[in-house]
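Here's the letter readout for the chains.
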Amino acid sequence: MSDLVAPSFKGIALFTPGGDCVYCLDEQKRAHWHLDLCAALQTHLGLAEPPYFLLPCFTATVDRWVNPTTQVPAMVAEAYPRALRFQPLLNALFGLGQLQWQPNYSSAEACSVALIESYRPTFPQLWECHDLIMRVEQAAEVSEAPLPADTLDAPSAGPQPHCFKLFVSGTDTAATERMLRFLYTTLESALPSAYTLQVIDVTTHPGEAEAAHISATPTLIQVWPEPVRRVVGNVLSQEQMALLLA
């Protein structure tokens, strides 16, 4: 496959707990691929809804470009811990030889075993192996308008997807899991379109916490759409979420 890959490209792979894989290889480096991969799993496995909770825990991303000054190819290949075991498959899919992928631990809270297992009753097909390895092509109707920084790729056609950041402390895992379960249930039912939720541990990413002026955890910030809103403390009521989303 390596002879077919352009000097510059972006590759994204999404795995299931059962080991199935959907992936894309995009020489144009367009946006929105993460949501397309979730939609592909929904279609081919007969899921009730796209399994957004797999993001980012089960993803791997490779980005290759040519340095404009030296004309030398450069590359970054990262995989979240649950995708690291698929390195030989990833290298075969993207034509990367024996490349050693770098682990990404930035969303450890969202990838806890207890939290992932809580979705098994709703998505039992994801824990089965269907020997699915499928390349996903880009949806033609999606436009390429710029998206807010620091979000997962999302489609820009129609309403802009909501973007949230949840700042937590890694020392309080149980509270974080309760918060994430509540947010998933509420956002899935309250929002008409897709959304992204980034979980940031202030103990391992103090710079991001300082830049966002985080004074206490948990803090939930609605980054997009504007105006930016935040709720400090546990968000465990529909009233609080209604105020945030208003």
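None of these values were measured; they are calculated from a predicted model.

Undergrad: What's the story with the sheet that holds strand β6 (residues 133-135) in this structure? I'm lost.
TA: Strand pairing in a sheet takes place through backbone hydrogen bonds and is either antiparallel or parallel in direction. With mixed pairing, six strands are arranged side by side in an open sheet as β5-β4-β3-β1-β2-β6. Each edge of the open sheet is held by one strand with a lone partner, namely β5 (102-103) and β6.

Undergrad: Which parts of the structure should I look at to understand the packing of aromatic side chains?
TA: Given two aromatic rings, one states the distance between the centres and the angle between the planes to describe the pair. Summed over the entire model, instances satisfying the criterion amount to six aromatic pairs. Ring centres of Phe 53 and Phe 123 lie 5.1 Å apart, and the angle between their planes is 40 degrees; on these two criteria the pair is classed as tilted. You can see Phe 53 sitting in the loop between α1 (33-45) and β3 (59-66) and its partner Phe 123 sitting in the loop between α3 (113-117) and β6, a full 70 residues away along the chain. The exposure class of Phe 53 is buried, given its relative accessible area of 7%. The exposure class of Phe 123 is buried, given its relative accessible area of 0%. On the basis of an interplanar angle of 10 degrees and a centroid distance of 6.4 Å, the ring pair of Phe 53 and Trp 127 is categorised as stacked. Here Trp 127 lies in the loop between α3 and β6 and Phe 53 lies in the loop between α1 and β3, a separation of 74 residues in the sequence. Pair check on accessibility: Phe 53 and Trp 127 agree, each one buried.

Undergrad: What is the right way to look at the nonpolar core in this model?
TA: One broad trend across soluble globular proteins is that nonpolar side chains are buried collectively. The biggest cluster of nonpolar side chains holds 59 residues, and the ones touching the most others in it are Leu 14, Val 22, Phe 94 and Trp 101. For this core, the leading source of residues is α1, giving seven residues. Residues within four places of Leu 14 in sequence aside, it is in contact with Asp 20, Cys 21, Val 22, Leu 37, Cys 38, Leu 41, Leu 54, Leu 55, Phe 58 and Thr 59. Within the second largest apolar cluster, seven residues are counted, among which are Val 202, Ala 209, Ala 212 and Ile 221.

Parameters at a glance
Residues numbered from 1 in each chain as written. Predicted model: local features only at pLDDT ≥ 70, side-chain atom pairs only at ≥ 80, totals over all residues. Heavy atoms only, no water. Pairing = 2+ DSSP bridges. Helix = DSSP H or I, 4+ residues; strand = E, 2+ residues; numbered from the N terminus. Phe/Tyr/Trp six-rings, centres within 6.5 Å; stacked < 30°, edge-to-face > 60°. Buried < 20%, exposed > 50% of the residue type's maximum accessible area, 1.4 Å probe, protein only. Core = buried A, V, L, I, M, F, W, Y, C linked by side-chain atoms within 4.5 Å. Contact = heavy atoms within 4.5 Å.

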